[in-house]
Amino acid sequence: MYTKYVWINMSQKVLLNATEVNIILHRLACQLIENHNDFSNTVLIGIQPRGKYLADRLAEMLKEEYQIKDLQLGHLDITFYRDDFRRGEKILEANTTEINFQVENKNVVFIDDVLYTGRSIRAALTAIQSFGRPKEIELLTLIDRRFSRHLPIQPDYRGRQVDAINEEKVKVNWEENEGEDSVYLVNN
């Protein structure tokens, strides 16, 4: 699918507007339903901090628009499992983990907004072991920066692939947090 980029200023361009984000969310929800039916043995886990917004939105859509009953949704903080924790000058701020269900022998779908190096997903794979041993783990991401991977991690569900050079940043905005649903490519 071809997307026309709209320049906002010299430093960023719109990759997805609110309408395109909504269309992608519906497509991702339908793909999840195709693979997990009624979600009786599947749980959704948003990776903190930014995957929480995508996970919440997908869960709401699955419940309200696709009538999925008893959908289990959690949020996983990976701060203390990151390989850059306590390295360098940047201080990482912990978020909350909210997993009020069993993951043992369940199909777990990790949800994050941007798949970049793969290091956050590696940390999530380690962190989830504290809650049991899932039967299977899948990854859903809104944006896949496919040429930036440091680890051999690929999404099972992706909203959009973006080819960005390392100096460029992908910024996902959510209505609940930034006041709009949009994705920007930002030049530093």
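Report on the accompanying structure. Just so you know, these numbers come straight off a predicted model, no measurement behind them.

Procedures and definitions
- Residues numbered from 1 in each chain as written.
- Predicted model: local features only at pLDDT ≥ 70, side-chain atom pairs only at ≥ 80, totals over all residues.
- Heavy atoms only, no water.
- Helix = DSSP H or I, 4+ residues; strand = E, 2+ residues; numbered from the N terminus.
- Contact = heavy atoms within 4.5 Å.
- Axes fitted to C-alpha atoms, helices over the stretch in contact; angles between N-to-C directions.
- Parallel < 35°, antiparallel > 145°, perpendicular 65-115°, else oblique.
- Left-handed = near helix turned anticlockwise from the far one by under 90°.
- Buried < 20%, exposed > 50% of the residue type's maximum accessible area, 1.4 Å probe, protein only.
- Arc of directions from axis to C-beta.
- Salt bridge = Lys/Arg side-chain N within 4 Å of Asp/Glu carboxyl O.
- Pairing = 2+ DSSP bridges.
- Lys, Arg positive; Asp, Glu negative; His and termini not counted.
- Polar contact = N/O pair within 3.5 Å; in protein donor to acceptor, adjacent residues only side chain to side chain.

### As for the environment of isoleucine 68
Of note, isoleucine 68 is situated in the loop between helix H2 (51–64) and strand E4 (72–76). C-alpha of isoleucine 68 to C-alpha of isoleucine 33: the two residues are 35 residues apart in sequence and 8.8 Å apart in space. When residues no more than four places from it in sequence are discounted, the contact partners of isoleucine 68 are Ile33, Asn37, Asp38, Phe39, Leu62 and Lys63.

### Let's talk about the packing of helix H1 (residues 18–36) against H2
Direction vectors running N to C along H1 and H2 enclose 70 degrees, while the axes themselves pass 10 Å from each other. Looking at the two axes, H1 sits roughly perpendicular to H2. The hand of the H1/H2 crossing is right-handed. Touching Asn22, Leu25, His26, Leu28, Ala29, Leu32 and Ile33 of H1 are Leu54, Arg57, Leu58, Met61 and Leu62, all from H2.

### As for helix H3 (residues 119–128)
Those residues of H3 that sit buried are Ile121, Ala123, Ala124, Ala127 and Ile128. The buried residues of H3 occupy an angular sector of 155 degrees when projected down its axis, which confines them to one face. Its buried side turned inward, H3 meets strand E3 (42–47), E4, strand E5 (107–115) and strand E6 (136–144).

### What to know about the pattern of salt bridges
Tallied over the entire structure, the rule returns eight salt bridges. A salt bridge links aspartate 113 to arginine 50; the nearest nitrogen and oxygen atoms lie 3.6 Å apart. Of this pair, aspartate 113 sits in strand E5 while arginine 50 sits in the loop between E3 and H2, and the two are 63 residues apart along the sequence. Take arginine 50: its relative accessible area is 22%, and that puts it in the partly exposed class.

### Describing the sheet that holds E5
Paired through their backbone hydrogen bonds, the strands of a sheet run either parallel or antiparallel. With parallel pairing, the five strands of this open sheet are ordered in space as E4-E3-E5-E6-E7. Two strands lie at the open edges of the sheet, namely E4 and strand E7 (157–161), each paired on one side alone. Direction aside, neighbouring strands of the sheet carry axes that sit 25 degrees apart on average. For E5 and E6, the ladder comprises eight bridges, and the chain directions are parallel. If you follow leucine 115 over to E6, its bridge partner there is aspartate 144. Packed onto the sheet, H1 meets E3, E5, E6 and E7 and runs at close to 155 degrees relative to E7. Of the strands in this sheet, E3, E4, E5 and E6 are in contact with H2, which crosses E5 at around 125 degrees.

### Some thoughts on the side chain of arginine 145
Mapping arginine 145 onto the fold places it in the loop between E6 and E7. No salt bridge is formed by the buried arginine 145. Its closest oppositely charged neighbour is glutamate 168, at 6.0 Å. A distance of 2.9 Å separates the side chain of arginine 145 from the backbone oxygen of glutamate 168, its partner in a polar contact.

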